[in-house]
Amino acid sequence: MLDRAEALKIAAAFLERDAQEWTTKHEVRTIPDSAFTDGPFLIVPYNSVALLDHGDRSAQLAGNAPIRVDLATGECDLLDVIEVIGYRKRGFKV
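Just so it is clear, the model here is predicted, and its values are computed rather than measured.

A.B. asks: How should I be thinking about the nonpolar core in this particular structure?
C.D. replies: One broad trend across soluble globular proteins is that nonpolar side chains are buried collectively. Counting residues in each nonpolar core, the largest one holds 15 residues, and the members touching the most others are Leu 42, Val 44, Ile 67 and Val 69. For this core, the leading source of residues is helix H1 (residues 4-19), giving 6 residues. In terms of nonpolar packing, the next biggest core, distinct from the first, is built from 7 residues, Ala 65, Leu 79, Tyr 87 and Val 94 among them.

Quick look at the structure:
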């Protein structure tokens with residue numbers, strides 16, 4: 001079972017690899033302080049560095065789904081729209 005710190009590192013590496021395929025020109029970074037555990041998963045939001053470090057709202061990503069890290073295996077994927085809506089209905093900020 002991964003601890004939070006290990007899972008956050010895995011999520012950051014996943015985001016770095018995944019973001020290379022995107023067309024956005026914004027640098028992106030995970031938001032560890034907003035990550036939360038849901039059962040066997042760590043849910044990790046992310047956004048652009050320009051927004052996170054400088055408050056540049058024009059650089060805010062739209063439609064970005066958080067990363068889900070399986071704490072047992074370390075496997076990562078992105079939440080789908082239905083899952084994001086479900087978390088929002090449960091009061092999570094995703």
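After that view of the structure, there is still more to cover.
A.B. asks: What am I meant to see in the pattern of salt bridges here?
C.D. replies: For side chains of opposite charge, pairing can occur when their charged atoms come near one another. What the rule picks out here adds up to 4 salt bridges. The partner of Arg 68 in a salt bridge is Asp 77, with the nearest N and O atoms 2.9 Å apart. Using a relative accessible area of 14% as the deciding quantity, one classes Arg 68 as buried. Asp 77 sits in the partly exposed class, given a relative accessible area of 31%.

A.B. asks: Explanation requested: helix H3 (residues 81-89) in the structure shown.
C.D. replies: Residues that lie three or four places apart on an α-helix share one face, since the helix turns once every 3.6 residues. With a side-chain oxygen lying 3.1 Å from the backbone nitrogen of Ile 82, the N-terminal cap of H3 falls on Asp 80. In the segment just after H3, Gly 91 is the residue with positive phi, at about 95°.

A.B. asks: Can you walk me through the packing of aromatic side chains in this structure?
C.D. replies: Where two aromatic rings form a pair, the distance of their centres and the angle of their planes describe that pair. Taken as a whole and judged by the stated rule, the model has 4 aromatic pairs. Ring geometry for Phe 36 and Tyr 87: centres 5.4 Å apart, planes at 70°, overall edge-to-face. Here Tyr 87 lies in helix H3 and Phe 36 lies in strand E2 (residues 36-38), a separation of 51 residues in the sequence. In terms of burial, Phe 36 and Tyr 87 fall into one category: buried. By the ring-pair criterion, three or more aromatic residues cluster together here, those being Phe 36, Tyr 87 and Phe 92. Taking NZ or CZ as reference, Arg 68 lies 5.6 Å from the ring centre of Phe 41, over its face.

A.B. asks: Please clarify how the pairing of strand E3 (residues 41-44) should be interpreted in this entry.
C.D. replies: A regular strand carries its side chains on alternate faces of the sheet. As paired elements, E2 and E3 share 3 bridges and run antiparallel to each other. When the sheet's bridge partners are listed, Thr 37 is paired in E3 with Leu 42. Hairpin connection from E2 to E3: 2 residues lie between these consecutive antiparallel strands, with Gly 39 at a positive phi of about 60°. In this structure, E3 lies alongside strand E5 (residues 67-70), joined through 4 bridges in antiparallel fashion. Each bridged residue has a counterpart across the sheet, and for Val 44 the counterpart in E5 is Ile 67.

Rules used throughout
- Residues numbered from 1 in each chain as written.
- Predicted model: local features only at pLDDT ≥ 70, side-chain atom pairs only at ≥ 80, totals over all residues.
- Heavy atoms only, no water.
- Core = buried A, V, L, I, M, F, W, Y, C linked by side-chain atoms within 4.5 Å.
- Buried < 20%, exposed > 50% of the residue type's maximum accessible area, 1.4 Å probe, protein only.
- Helix = DSSP H or I, 4+ residues; strand = E, 2+ residues; numbered from the N terminus.
- Salt bridge = Lys/Arg side-chain N within 4 Å of Asp/Glu carboxyl O.
- Polar contact = N/O pair within 3.5 Å; in protein donor to acceptor, adjacent residues only side chain to side chain.
- Phe/Tyr/Trp six-rings, centres within 6.5 Å; stacked < 30°, edge-to-face > 60°.
- Lys NZ or Arg CZ within 6 Å of the ring centre and 35° of its normal.
- Pairing = 2+ DSSP bridges.

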